[in-house]
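# Chains, contacts and geometry: an overview
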Amino acid sequence: MPAGVVAGVAVYDRRTATFTTQLHVTTRFRSASLVKLLIALDYLWDRGPGYPIPAADRGLLDIMLRSSDDNAASHFWAADGRDAIVTRMVGRLGLQNTTPPSAQNRTGWGSTALSAADLVRIYRYLLDSAPAPVRDYILGNLHQSTHCGTDHYDQSFGIPSAFPRPWAAKQGWYGFGDTPAQPCVAASTAALGPAPPAAGPGVPGPPGVVAVDLLSGAVLHTTGTVGPDDRTIVVVLTQYPSGSTFAKAVATVTALTRSLPIPSG
């Protein structure tokens, strides 16, 4: 792992109900766009039994989940109670390391704090406990993750680059500037194709907790599922020193993700 980089990693095999990798799984990281999973779940929570979504809201939720649109996230964040969204979802899902932005003396949704262990809990809820319409809607969008985010950052790092389909992905990034040095040019509505396998470094270090300053540095996260029937939940959270480039962070998180032991079959 490059100097100054901190990683929280969890790989969970749903078929055997076991972790194959755990590294700093309870360490809190700035969520960046990963909180959009909680925003979507909170929006859908009390809409049963049919879970209808008005057309205008559906369009915003779709682009928020597939293309990580920040304006859509800000719309639902303001409409549904800001910090209260995170507080409600912590109680509903039993999250243990997730705190709202106010705990970091911040107000923006991207300053929510969460851990690799809590991301696994969120995905396990979606896959194994959520009502079928909720599961199918959110995971359906994550299976259609687009190559580019609407802010023109390339979000094909990590899971989409490391593994062939089928996979689902929700990515997060923060601290690399409002405009990418190399804007993503692929159509933001085009789903990603399979990526060839490549070798990468092994996961360093034992499970545990490390100190992460949530109010400094940049973060790049890849989370989602890999394999038929969403068999394996993969979470890779990374933080970098301030001034790190997006390209170097992408290379680091993708190499680390490629190196993970993913169950076959």
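Further up the page is the structure itself.
Read on for an overview of the structure. (Residues numbered from 1 in each chain as written. Predicted model: local features only at pLDDT ≥ 70, side-chain atom pairs only at ≥ 80, totals over all residues. Heavy atoms only, no water.)

## Observations regarding the packing of helix α2 (residues 55-67) against helix α6 (residues 132-142)
- It is the contact of α2 with α6, at a shortest axis distance of 8 Å, that shows an interaxial angle of 50 degrees. Comparing the axis directions of α2 and α6 gives the class oblique. Relative to α6, the crossing made by α2 is right-handed. Judged by residue contacts, R58, L61, D62, L65 and R66 of α2 engage Y137, I138, N141 and L142 from α6. (Axes fitted to C-alpha atoms, helices over the stretch in contact; angles between N-to-C directions. Helix = DSSP H or I, 4+ residues; strand = E, 2+ residues; numbered from the N terminus. Parallel < 35°, antiparallel > 145°, perpendicular 65-115°, else oblique. Left-handed = near helix turned anticlockwise from the far one by under 90°. Contact = heavy atoms within 4.5 Å.)

## Quick word on the environment of S145
- Relative to the helices and strands, S145 is located in the loop between α6 and α7 (159-162).
- Residue classification places S145 among the buried positions, given a relative accessible area of 1%.
- Spatially, the C-alpha atoms of S145 and S67 are 6.3 Å apart, while their sequence positions differ by 78 residues.
- Among the polar contacts made by the side chain of S145, one reaches the side chain of Q155 at a distance of 3.5 Å. (Buried < 20%, exposed > 50% of the residue type's maximum accessible area, 1.4 Å probe, protein only. Polar contact = N/O pair within 3.5 Å; in protein donor to acceptor, adjacent residues only side chain to side chain.)

## Overview of the nonpolar core
- Judged by nonpolar contacts, the single largest core of 51 residues is most densely connected at L41, M64 and I138.
- Broken down by element, the residue count for this core peaks at nine residues, all from helix α5 (residues 116-129).
- I138 has contacts with L37, A40, L41, L44, L65 and L126, leaving out every residue within four places of it along the chain.
- If you look at the next biggest cluster of nonpolar residues, it comprises 25 residues, including F157, W167, W173 and Y240. (Core = buried A, V, L, I, M, F, W, Y, C linked by side-chain atoms within 4.5 Å.)

## Some remarks on α2
- For α2, spanning 13 residues, the distance from its first C-alpha to its last is 18 Å, which sits close to the expected 18 Å at 1.5 Å a residue.
- Taken together, the buried positions of α2 are D57, L61, D62, M64, L65 and S67.
- Immediately downstream of α2, the backbone of S68 shows phi near 55 degrees, a positive value. (Expected span 1.5 Å × (residues − 1).)

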